[in-house]
Amino acid sequence: MSEKVILHYFNGRGKMESIRWLLTVAEVEFDECYLTNREQYLKLLNDGSLMFQQVPLVEIDGLKLVQTKAILHYIAEKYNLYGKDIKERVTINMYSEGLIDLMEMVMALPFVADPKPKLDNIQSKAKERYLPVFEKALTEPVYLVEGKLSLADVLLVECTLMLEEKFPAILKDFPNIKSFQGRMIQIPAISRFLQPGSKRKPQPDEGYVKTVMEVFNITGPFPK
């Protein structure tokens, strides 16, 4: 019996949330070790656990994995959510990286003094650059790549729900994406993840921002 996966991050969404989503869809149990003070972060540094002095950190299969995309690719590969060949994987990667770019814009919002211009930019880019790609890709298929559930689908449903929190009507002109979202949230593992009391994190609040700033010893504006 393999040891349970352990996630080292803050008690909030951030870059770990996509990893939580993917493990949930793969039906992999995990524990979390929350960073609440700078001493915990320094201990990880001193232990040599953080290759680039950054979290997320995921302990899995005797490995200590860092860098969000590398972690996602490892989990997707391990649990057959990463296509059957190199051509499918590169398509999954292209979709996934676009979604990560968009979600990272949303992740930055709690750390800016005036989020209104950022929100306007996110909504504009989502409608003009990102969502049309997925609307077209989902004209007929159930899933994005060769009719099989993959990392890209998991990130898309996460991203659409995140966008609707900020812009409730944003999918009005993207019926294929809205239908896709409806199908995805019926998957039992995802349905459970969306219920109160699950390991899904709420939208970040002032407490989350304060903890991040303290752990990383940031006193001025959060670095871009």
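For the structure itself, look to the data block above.
Residues numbered from 1 in each chain as written. Predicted model: local features only at pLDDT ≥ 70, side-chain atom pairs only at ≥ 80, totals over all residues. Heavy atoms only, no water.

Asker: Sorry if this is basic, but what is going on with the pattern of salt bridges here?
Answerer: Two side chains of opposite charge can pair, provided their charged atoms sit close to one another. Scanning the entire structure with this criterion turns up 18 salt bridges. A salt bridge links Lys43 to Asp47; the nearest nitrogen and oxygen atoms lie 2.9 Å apart. For the salt bridge of Lys78 with Asp61, the shortest nitrogen-to-oxygen distance reads 3.1 Å. Here the residue Lys78 occupies a position in helix H3 (residues 68–78), and Asp61 occupies one in the loop between strand E3 (57–60) and strand E4 (63–66), the gap between them amounting to 17 residues. Judged by its relative accessible area of 38%, Asp61 falls in the partly exposed class. Members of the salt-bridge network, linked through shared partners, are Glu17, Arg20, Glu32 and Lys201. (Salt bridge = Lys/Arg side-chain N within 4 Å of Asp/Glu carboxyl O. Helix = DSSP H or I, 4+ residues; strand = E, 2+ residues; numbered from the N terminus. Buried < 20%, exposed > 50% of the residue type's maximum accessible area, 1.4 Å probe, protein only.)

Asker: Can you help me understand the environment of Lys116 in this one?
Answerer: With respect to the helices and strands, the residue Lys116 is situated in helix H5 (residues 115–137). The sequence separation of Lys116 and Gly83 amounts to 33 residues, and the corresponding C-alpha distance is 38 Å. At 2.8 Å, the side chain of Lys116 and the side chain of Asp120 are in polar contact. (Polar contact = N/O pair within 3.5 Å; in protein donor to acceptor, adjacent residues only side chain to side chain.)

Asker: Whenever I open this one, the pairing of strand E2 (residues 30–34) confuses me. Can you help?
Answerer: On any regular strand, side chains alternate: one points to one face of the sheet, the next to the other face. Alignment of strand E1 (residues 5–9) against E2, held across 5 bridges, turns out to be parallel. Looking across to E2, one finds that Leu7 is bridged to Glu32. (Pairing = 2+ DSSP bridges.)

Asker: Where do I start with the packing of helix H1 (residues 17–25) against helix H6 (residues 151–166) in this structure?
Answerer: Here H1 crosses H6 at 125°, and the two axes come no closer than 10 Å. Between H1 and H6, the angle is such that the two are oblique. The two elements H1 and H6 cross, and the hand of that crossing is right-handed. Of H6, the residues touching H1 (which contributes Glu17, Ser18, Trp21, Leu22 and Val25) are Leu151, Val154, Leu155, Val157, Glu158 and Leu161. Class assignment of the residues belonging to the contact of H1 with H6 gives a composition of 8 nonpolar, 1 polar and 2 charged. (Axes fitted to C-alpha atoms, helices over the stretch in contact; angles between N-to-C directions. Parallel < 35°, antiparallel > 145°, perpendicular 65-115°, else oblique. Left-handed = near helix turned anticlockwise from the far one by under 90°. Contact = heavy atoms within 4.5 Å. Nonpolar A, V, L, I, M, F, W, Y, C, P; charged D, E, K, R; others polar.)

Asker: Looking at this model, I keep getting lost on helix H4 (residues 86–107). Mind explaining?
Answerer: Each turn of an α-helix holds 3.6 residues, which means side chains three or four residues apart point in the same direction. With 22 residues, H4 should reach 32 Å at 1.5 Å per residue; the first-to-last C-alpha distance of 30 Å fits that figure. By the N-cap criterion, in which a side-chain oxygen at the helix start approaches the backbone nitrogen of a residue two or three places on, H4 is capped by Asp85, the distance to Lys87 being 3.1 Å. (Expected span 1.5 Å × (residues − 1).)

Asker: What's the story with the sheet that holds E1 in this structure? I'm lost.
Answerer: Spatially, E2-E1-E3-E4 is the arrangement adopted by the 4 strands of the open sheet, whose pairing is mixed. The sheet terminates laterally at E2 and E4, the two strands that pair on one side only. Here the average twist between neighbouring strands, direction ignored, is 20°. Two elements, E3 and E4, share 4 bridges in a ladder whose sense is antiparallel. Each bridged residue has a counterpart across the sheet, and for Glu59 the counterpart in E4 is Lys64. Relative to the sheet, H1 contacts E1, E2 and E3, its axis offset from that of E1 by approximately 165°. Against the sheet, H3 engages E3 and E4, with an angle of about 125° to E4.

Asker: Help me understand the environment of Ile187, please; the structure alone is not making it clear to me.
Answerer: Positionally, Ile187 belongs in the loop between helix H7 (175–184) and helix H8 (188–193). For Ile187, a relative accessible area of 19% corresponds to the buried category. Sequence separation of Ile187 and Met162 is 25 residues, and the distance between their C-alpha atoms is 18 Å.

Asker: I tried to follow the packing of H5 against H6 on my own but got confused; where do I start?
Answerer: Relative placement of two packed helices is described by the angle separating their axes and the distance separating the axes. Two elements in contact, H5 and H6, have axes separated by 12 Å at closest approach and are oriented at 145°. Both H5 and H6 take part in a crossing whose hand is left-handed. Note on element contacts: H6 touches H5 through Leu156, Leu163 and Lys166, opposite Leu119, Ile122, Ala126, Leu131 and Phe134. Taken together, the residues that form the contact of H5 with H6 break down as 7 nonpolar, no polar and 1 charged.

Asker: Got a minute to help me understand the pairing of E3 in this structure?
Answerer: When E1 meets E3, the two strands line up antiparallel, connected through 3 bridges. Along E3, the bridge assignment pairs Leu7 with Val58.

Asker: What exactly am I supposed to notice about unusual backbone geometry here?
Answerer: Negative phi is the rule for most residues except glycine; trans is the rule for most peptide bonds. Going from Val55 to Pro56, the amide bond is cis rather than trans, its omega being 20°. Position of Pro56 among the secondary structure elements: in the loop between helix H2 (38–46) and E3. In this model, Glu27 sits at a positive phi of 60°, which is unusual for a non-glycine residue. Here Glu27 lies in the loop between H1 and E2. Owing to a relative accessible area of 61%, Glu27 belongs among the exposed residues under this scheme. A positive phi is found at Asn217, a non-glycine position, where the angle reads about 55°.

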